[in-house]
Amino acid sequence: MGKLAVRALRAVLVVVLAGTVFVQALMVWALATDPEDGALPLTPLRVITILGMASVQVALVCVWRLVTMVRRGTVFSHAAFRYVDGVIGAIVAAALVWFAVTVINAPGQRDDPGVTVIMGGVGVAILGVALIVLLLRMLLAQAVARDVEAAQMQAELDEVI
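Computed from a predicted model, the values in this text were never measured in an experiment.

## Considerations on the overall build of the protein chain
- Counting secondary structure elements, the protein chain contains four helices and zero strands.
- Listing the helices and strands of the protein chain from first to last along the sequence gives α-α-α-α.
- Taking 2.2 N^0.38 as the reference for a compact globule, 161 residues should give roughly 15 Å; the C-alpha atoms of the protein chain span a radius of gyration of 21 Å, well beyond that estimate.
- Here the C-alpha coordinates of the protein chain stretch approximately 80 × 30 × 25 Å along the principal axes.
- Within the protein chain, buried positions represent 27% of all 161 residues.
- Considering only residue pairs separated by 6 or more positions, the protein chain has 71% of its internal contacts joining residues 24 or more positions apart.
- Roughly 10,200 Å² of accessible area belongs to the protein chain as shown, and the carbon and sulfur atoms make up 72% of that amount.

Written as structure tokens, this is what we have:
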């Protein structure tokens, strides 16, 4: 992975992390100062937003660590699995948060249930992303196993020579 690509990715990660922290701060401030005047229950939505931003932050930190491992050439190791698992967990948490938003929004959509169905579909799509990352984790496991096997074969070859 080139230095420019790593720097660009890290810049994006920093901007997104700063954005999520800003949104969390606004939601905490709104919880403390703004009464519920809207038709939807605002307090649960604000709490859900805070939790959703936390799941994004976990994924960002894990991706940062994986990028660091890629730059060092250590991504094909068992240590990478903890960060990939963190990304998968964060995506599943984001899907659960989205389903909670869908449930809270559903009573207001009784006249037009299509919105709730679409929101449910988005939640399923988020879970699909988690499954894609799980598939990539399986590919990483195969690559790590092949890397270990190659190292063993190289050690045996070194003994023979």
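The rest of the description comes next.
## Points about the nonpolar core
- Counting residues in hydrophobic clusters, the biggest one holds 15 residues, and the most contacted among them are L66, M69, A80, V84, V133 and L140.
- Of all the secondary structure elements, the ones that give two or more residues to this core are α2 (42-72), α3 (79-105) and α4 (114-160).
- Element by element, the count of residues in this core is highest for α3, at seven residues.
- The residues touching V133, leaving out its near neighbours within four places in the chain, are V84, V87, I88 and I91.
- Of all hydrophobic cores here, the second largest spans six residues; its members include L45, V97, V101 and M119.

## Side note on the environment of V92
- Tracing the backbone through its elements, the reader meets V92 in helix α3.
- For V92 and A130, which are 38 residues apart along the polypeptide, the C-alpha to C-alpha distance reads 6.3 Å.
- Beyond its immediate chain neighbours, meaning those up to four positions away, V92 contacts L127 and A130.

## Looking at the pattern of salt bridges
- For the structure shown, the criterion picks out one salt bridge.
- As a salt-bridge pair, R137 and D85 come within 2.5 Å of each other at their nearest N and O atoms. Of this pair, R137 sits in helix α4 while D85 sits in helix α3, and the two are 52 residues apart along the sequence.

## Some details on the packing of aromatic side chains
- Taken as a whole and assessed by the stated rule, the structure comprises zero aromatic pairs.
- Here R10 stacks its cationic end above the ring of W64, 4.8 Å away from the centre of that ring.

## Here we look at the UniProt feature "transmembrane region" (unreviewed entry) in the protein chain
- UniProt's feature table lists "transmembrane region" (unreviewed entry) at residues 12-32, 44-67, 79-101 and 113-136, given in the numbering used throughout.
- Along residues 44-67, the helical share is 100% and the strand share 0%, with 35 Å between the first and last C-alpha atoms.
- Summarising residues 113-136: 96% helix, 0% strand, and an end-to-end C-alpha distance of 35 Å.

Rules behind the numbers
- Residues numbered from 1 in each chain as written.
- Predicted model: local features only at pLDDT ≥ 70, side-chain atom pairs only at ≥ 80, totals over all residues.
- Heavy atoms only, no water.
- Helix = DSSP H or I, 4+ residues; strand = E, 2+ residues; numbered from the N terminus.
- Rg over C-alpha atoms; globule rule 2.2 N^0.38 Å.
- Buried < 20%, exposed > 50% of the residue type's maximum accessible area, 1.4 Å probe, protein only.
- Contact = heavy atoms within 4.5 Å.
- Areas by Shrake-Rupley, 256 points an atom, 1.4 Å probe, with all protein chains shown as cover.
- Core = buried A, V, L, I, M, F, W, Y, C linked by side-chain atoms within 4.5 Å.
- Salt bridge = Lys/Arg side-chain N within 4 Å of Asp/Glu carboxyl O.
- Phe/Tyr/Trp six-rings, centres within 6.5 Å; stacked < 30°, edge-to-face > 60°.
- Lys NZ or Arg CZ within 6 Å of the ring centre and 35° of its normal.
- UniProt positions renumbered as here; feature names shortened; annotations may be inferred.

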